[in-house]
Amino acid sequence: MRSQVLAAKGKGGVVMTTQREVDEASIRELIGKIVEGLQGKDLDGLKRLYATDIVSFDIEPPLQHVGIEAKLRNWAPVFTSFEDVTYEVRDLTLTVREDVAFGHAFARLGGTLKNGTAIGGMWVRVTYCLQKIDGTWLIVHDQVSVPLDVAGGKGVVDLEP
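In this report, the structure presented in the accompanying data block is examined. (Residues numbered from 1 in each chain as written. Predicted model: local features only at pLDDT ≥ 70, side-chain atom pairs only at ≥ 80, totals over all residues. Heavy atoms only, no water.)

## Topic: the overall build of the chain
Working step 1: Counting its secondary structure elements, the chain contains three helices and 11 strands.
Working step 2: The linear arrangement of helices and strands in the chain, starting from the amino end, is β-β-α-α-β-β-α-β-β-β-β-β-β-β.
Working step 3: Along the first, second and third principal axes, the C-alpha atoms of the chain reach 55 × 35 × 30 Å.
Working step 4: Buried positions account for 32% of the 161 residues belonging to the chain.
Working step 5: Sequence separation of 24 or more characterises 48% of the internal contacts of the chain that already satisfy a separation of 6 or more.
Working step 6: Split by element, the accessible area of the chain, about 9,700 Å² in all, is 53% carbon and sulfur. (Helix = DSSP H or I, 4+ residues; strand = E, 2+ residues; numbered from the N terminus. Buried < 20%, exposed > 50% of the residue type's maximum accessible area, 1.4 Å probe, protein only. Contact = heavy atoms within 4.5 Å. Areas by Shrake-Rupley, 256 points an atom, 1.4 Å probe, with all protein chains shown as cover.)

## Concerning the pattern of salt bridges
Working step 1: Counted by the stated rule, this structure contains nine salt bridges.
Working step 2: Notably, a salt bridge pairs K71 with D142, separated by 2.7 Å at the nearest N-O pair. Here the residue K71 occupies a position in helix α3 (residues 68-81), and D142 occupies one in strand β9 (residues 136-145), the gap between them amounting to 71 residues. There is no split in this pair, since K71 and D142 are both buried.
Working step 3: Taking the shortest distance from any N to any O, the salt bridge between R90 and E88 comes out at 3.2 Å. (Salt bridge = Lys/Arg side-chain N within 4 Å of Asp/Glu carboxyl O.)

## Some words on the nonpolar core
Working step 1: Membership of the largest hydrophobic core comes to 31 residues, with the highest contact counts inside it found for I34, L46, Y50, Y128 and I139.
Working step 2: When contributions to this core are tallied by element, the ones reaching two or more residues are α1 (19-39), β3 (50-57), α3, β5 (82-96), β6 (100-113), β8 (123-133) and β9.
Working step 3: Excluding residues that lie within four positions of it along the chain, I34 makes contacts with L46, L49, Y50, Y87, Y128 and I139. (Core = buried A, V, L, I, M, F, W, Y, C linked by side-chain atoms within 4.5 Å.)

## Considering α3
Working step 1: If you check α3, its first and last C-alpha atoms are 21 Å apart, about what 14 residues at 1.5 Å a residue would give, namely 20 Å.
Working step 2: The largest bend along α3 measures about 25° and falls at N74, with the proline P77 one to four residues further on.
Working step 3: Along α3, the positions that sit buried rather than exposed are I68, A70, K71, L72, N74, W75, V78 and F79. (Expected span 1.5 Å × (residues − 1). Bend = angle between axes of the 7 residues up to and from the residue.)

## Concerning the environment of G37
Working step 1: Relative to the helices and strands, G37 is located in helix α1.
Working step 2: Between the alpha carbons of G37 and Y87 there is a distance of 9.5 Å; along the sequence they are 50 residues apart.
Working step 3: The residues touching G37, leaving out its near neighbours within four places in the chain, are D42, L46 and F79.

## Quick word on unusual backbone geometry
Working step 1: Between P61 and the following residue, P62, the backbone shows a cis peptide bond with an omega angle of 5°.
Working step 2: Note on placement: P62 falls in the loop between β3 and β4 (65-66).
Working step 3: Despite not being glycine, K41 shows a phi value in the positive range, around 50°.
Working step 4: When you line up the elements, K41 lands in the loop between α1 and α2 (43-47).
Working step 5: Judged by relative accessible area, which is 28%, K41 ranks as partly exposed.

## Observations concerning the environment of A51
Working step 1: Relative to the helices and strands, A51 resides in strand β3.
Working step 2: On the basis of relative accessible area, A51 is assigned to the buried category, the value being 4%.
Working step 3: Each C-alpha atom of the pair A51 and D142 lies 11 Å from the other, and the pair is 91 residues apart in sequence.
Working step 4: A51 has contacts with I68, I133, L138, I139 and V140, leaving out every residue within four places of it along the chain.

Put into structure tokens, the structure is as follows:
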């Protein structure tokens, strides 16, 4: 794999950066747009971040959500249940190659329900798989999970990063 070096003019003169650094910054911006889209209850904005054929292993049933419409249907109940949505992504780590990338992080969804109840949310683990399609990074797969208490057979939802 060749490493392409790009030059950009900044306040301090010319700044040298690699294509990988540019791509990583673009992906971090994309993840930031997920936060903005959820907090703004913007399904159209979220739709632009995912490939049309995304496969999502989200925390809610069924075992998989296939396609962008299924992914968006998974977010719709959040928007109808919450008056205000908060969403936080922490400790995002990325591995970026020429046209594919993956990352993992912790995320927490919370907010204020329409009845006024404040929900702090629970921390989940999230994995993102991305592909550069026609020059744009899109999420082609994601997975959200909680640790399992094997002996009790239930998810552990009170852990913090």
